[in-house]
Amino acid sequence: SLFEDNAEFGLGMRIAVDTQAAHARSLVERLRGALDDALADGLLAADQSTEAGIYEQRERVASLKARLADIDSADARRLEGIADLLVRKSVWLVGGDGWAYDIGYGGLDHVLASGRDVNILVLDTEVYSNTGGQTSKATPLGAVAKFSAAGKAIGKKDLAMQAMAYGNVYVAQVAFGAKDVQTLRAFLEAESFPGPSLIIAYAPCIAHGIDLANNLRQQDLAVNSGHWPLFRYDPRRAAAGENPLHMASKEPSIPYRDFASSETRFS
């Protein structure tokens, strides 16, 4: 597809998987008499919020397939073809800031508002990297890019805050070069969250005017200067009466100038 259709295609895949899984569950119920009750109950009531739970469900599905081979019915044949859909499937949409903040934002916002279990990873280079470094809505104030030759005159669009405003979307901002453990936690939490999840990852780019051999250093500078705050927003914490927003970065420890002067886009 065209990259601006990423969100719509991903949502369609999520809906297709959910529809097939619902059909598989109805077939298990209809075939309950020919199956073991304990197996049917286990398949339908499985807790698949963890890797261990998913592993156990895969074992049940293997047992189901073995039993279906001995059942002579059209429902059994149909269930054989979609039995794997009883195991929780993960759908990830991956794209850049040009897609997420700009040309595909309408579709991305539709996915966030759908409530569906879709995970979104935005690789934020803060510029249209794919087409040569044009300004995007993710480009920060003062940065030089095509169409902002004198420095961008307005600030960066706050995609994370817009997503958090829904209240039922998991949102995280990460930079693995600055804090890899926080990045890992964000992916694990997003994967386990039963609704829409959005992870925005800082992605240094050649258009920043840096040597990409220094990728990790630039991520660290961006976080330590306050340019790129690290946080995780988990609606499940709010439901438990806790603060859903967890800041993972400390107060800026270096002057912003030290970060900006290391990249020619801020010259």
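This one's a predicted model, so the numbers in the text were calculated from it and none came from an experiment.

A. Structural context of the pattern of salt bridges. Going through the model one piece at a time under the given rule, you end up with 20 salt bridges. Here the salt bridges do not stand alone but share partners, grouping D124, E126, K156, E263 and R265 into one network.

B. Seen up close, the packing of aromatic side chains. Applying the stated criterion to the full structure yields five aromatic pairs. When the ring of Y170 is compared with that of F193, the centres are 6.3 Å apart and the planes differ by 40 degrees; the resulting orientation is tilted. Of this pair, Y170 sits in strand β3 (residues 170-174) while F193 sits in the loop between α8 (180-192) and β4 (197-202), placing them 23 residues apart in sequence. For F193, a relative accessible area of 6% puts it in the buried group. Between Y202 and W228, the aromatic rings sit 4.9 Å apart at their centres with planes inclined by 45 degrees, giving tilted as the arrangement. A residue pair is termed long-range when its members are at least 10 positions apart, and Y202 in strand β4 and W228 in the loop between α9 (215-224) and β5 (231-233) qualify at 26 residues. Each member of the pair, Y202 together with W228, is buried. Grouped by ring-pair contacts, the aromatic residues Y256, F259 and F266 constitute a single cluster. The ring centre of Y105 lies 3.5 Å from the NZ or CZ of K157, which sits over that ring.

C. The arrangement of the pairing of strand β2 (residues 119-124) in detail. By the criterion of burial, β2 is predominantly enclosed, with five of the six residues buried. Pairing of strand β1 (residues 92-96) with β2, which is carried by five bridges, proceeds in the parallel orientation. By the bridge assignment, W92 is partnered in β2 with N119. Here six bridges tie β2 to β4, and the two strands are oriented parallel to one another. Counterpart to D124 in the pairing with β4 is Y202.

Rules of the game
Residues numbered from 1 in each chain as written. Predicted model: local features only at pLDDT ≥ 70, side-chain atom pairs only at ≥ 80, totals over all residues. Heavy atoms only, no water. Salt bridge = Lys/Arg side-chain N within 4 Å of Asp/Glu carboxyl O. Phe/Tyr/Trp six-rings, centres within 6.5 Å; stacked < 30°, edge-to-face > 60°. Helix = DSSP H or I, 4+ residues; strand = E, 2+ residues; numbered from the N terminus. Buried < 20%, exposed > 50% of the residue type's maximum accessible area, 1.4 Å probe, protein only. Lys NZ or Arg CZ within 6 Å of the ring centre and 35° of its normal. Pairing = 2+ DSSP bridges.

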